[in-house]
Amino acid sequence: MEEKKLRAIVTGGSRGIGKAILIELAKRNCSSVMFSDVIVEGDDFDAHAKKIEEEIGNGTKVYGFKADASNFADAEATIEAAIEKMGGVDILINNAGITRDNLLMRMSEADFDLVININLKSVFNYTKAAIKPMMKQRFGKIVNIASVVGLIGNAGQANYSASKAGVIGFTKTMARELSSRNINVNAIAPGFIETNMTAKLNENQKEALLTNVPLKRMGQPEDIARVVAFLCSSDADYMTGQVLAVDGGMVM
Ligand code: NAD
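Residues numbered from 1 in each chain as written. Predicted model: local features only at pLDDT ≥ 70, side-chain atom pairs only at ≥ 80, totals over all residues. Heavy atoms only, no water.

Colleague: Sorry if this is basic, but what is going on with the pairing of strand β3 (residues 61-66) here?
Modeller: Regular strands have side chains that alternate between both faces of the sheet. Here six bridges tie strand β2 (residues 30-37) to β3, and the two strands are oriented parallel to one another. Among the inter-strand pairings, Ser32 is bridged to a residue of β3, identified as Lys61. As a crossover connection, the stretch from β2 through helix α2 (residues 45-56) into β3 is right-handed. (Pairing = 2+ DSSP bridges. Helix = DSSP H or I, 4+ residues; strand = E, 2+ residues; numbered from the N terminus. Right-handed = clockwise from strand over helix to strand, strands pointing away.)

The structure is reproduced here in structure tokens:
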């Protein structure tokens, strides 16, 4: 079936999993895409967007917007900019996230709050801002990037796992609240993916983590992006409130 061309926003989409999602959506479902982020190379958002646009190379427009996902006013400003530049918003990917790992004994209150604000409150901020136009047009696809540690926990990640478990609860509630307006809300729980976030792990740590991964390799950002694109396609129209683990079999 010929897909309707859509317009997407990806938070934290300048690199890593977010950028891979932006590119995959541009290749498959979208006529224009926008990333929001706090920082890009040289702080030049237009130049960074142009670079990704050239990388995609199929005429899909790419826009960049400087916004802190943990700030509600910034989220509203992103949606306004998206409506102005792309004419609307059909897809929202809540991807922005950070880690500040430590055992609880050593975890500061500031690091707990920071991770909750960037990983969880951001999802509230962007969803609340984006559903206004989506409800009006009676169409929307929202995909939240959670984590397997939001399902099973992980020593040293009390802040991060709580934020991701929060994202999963939020996803299910939004699926129930927004279903009557034809807005699908799902989450993905990535396993162990090769990005800046996991680059700080040394070879021994990686090897130890891989013993719990039946497919015996780290995932690539594209492994996540392809599943996101599926959830944003009409093939997944009858799916909402789901959490898909994309983790090489780590959690089953
Ligand atoms: P990454 O560090 O490469 O990307 C994170 C992006 O979020 C960056 O572009 C960063 O600038 C942006 N960001 C950080 N704070 C922000 C803020 N306040 N406002 C807006 N943007 C902000 O890491 P990644 O691995 O690509 O992570 C993407 C998502 O995937 C995160 O939500 C992460 O928790 C999740 N995830 C990653 C893994 C993994 O193994 N890499 C596993 C599970 C889940």
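Additional details are given in the paragraphs that follow.
Colleague: It is not clear to me how the pattern of salt bridges should be interpreted in this structure. Could you clarify?
Modeller: Opposite charge on two side chains allows them to pair when their charged atoms are near. A complete count under the given rule lists ten salt bridges for this structure. Where Asp90 meets Arg7, a salt bridge forms, and the shortest distance between an N and an O atom there is 2.8 Å. On the criterion of sequence distance, the pair formed by Asp90 in the loop between α3 (72-86) and β4 (91-94) and Arg7 in strand β1 (residues 6-11) is long-range, its members being 83 residues apart. Like Arg7, Asp90 is buried. (Salt bridge = Lys/Arg side-chain N within 4 Å of Asp/Glu carboxyl O. Buried < 20%, exposed > 50% of the residue type's maximum accessible area, 1.4 Å probe, protein only.)

Colleague: I keep staring at the sheet that holds strand β5 (residues 140-145) and nothing clicks. Help me out?
Modeller: Strand pairing in a sheet takes place through backbone hydrogen bonds and is either antiparallel or parallel in direction. Pairing within the open sheet is parallel, and its seven strands lie in the order β3-β2-β1-β4-β5-β6-β7. Looking along the sheet, the strands with just one partner apiece sit at the ends: β3 and β7 (243-246). Taken pair by pair, the neighbouring strands of this sheet meet at an average axis angle of 20°, ignoring direction. Across four bridges, the pairing between β4 and β5 is parallel. Bridging from a neighbouring strand, Ile91 pairs with Lys141 of β5. Helix-sheet contacts for helix α9 (residues 221-231) involve β4, β5, β6 (183-190) and β7, and the interaxial angle to β6 is about 165°. (Axes fitted to C-alpha atoms, helices over the stretch in contact; angles between N-to-C directions. Contact = heavy atoms within 4.5 Å.)

Colleague: Is there a simple way to explain the site of the ligand in this structure?
Modeller: Around the ligand lies a shell of 28 residues, among which Arg15, Asp37, Asn95, Tyr160 and Thr195 are the nearest. Between the ligand and Arg15, the relevant distance is 2.7 Å, taken from an oxygen atom to a side-chain nitrogen or oxygen of the residue. Between the ligand and the protein, one listed contact pairs an oxygen atom with a side-chain N or O atom of Tyr160 at 2.5 Å. Protein chains shield 94% of the accessible area of the ligand, which is 820 Å² for the free molecule. Residue assignment for the shell around the ligand shows that the elements contributing at least two residues are α1 (16-28), α6 (158-178) and α7 (196-199). (Near = heavy atom within 4 Å. Polar contact = N/O pair within 3.5 Å; in protein donor to acceptor, adjacent residues only side chain to side chain. Areas by Shrake-Rupley, 256 points an atom, 1.4 Å probe, with all protein chains shown as cover.)

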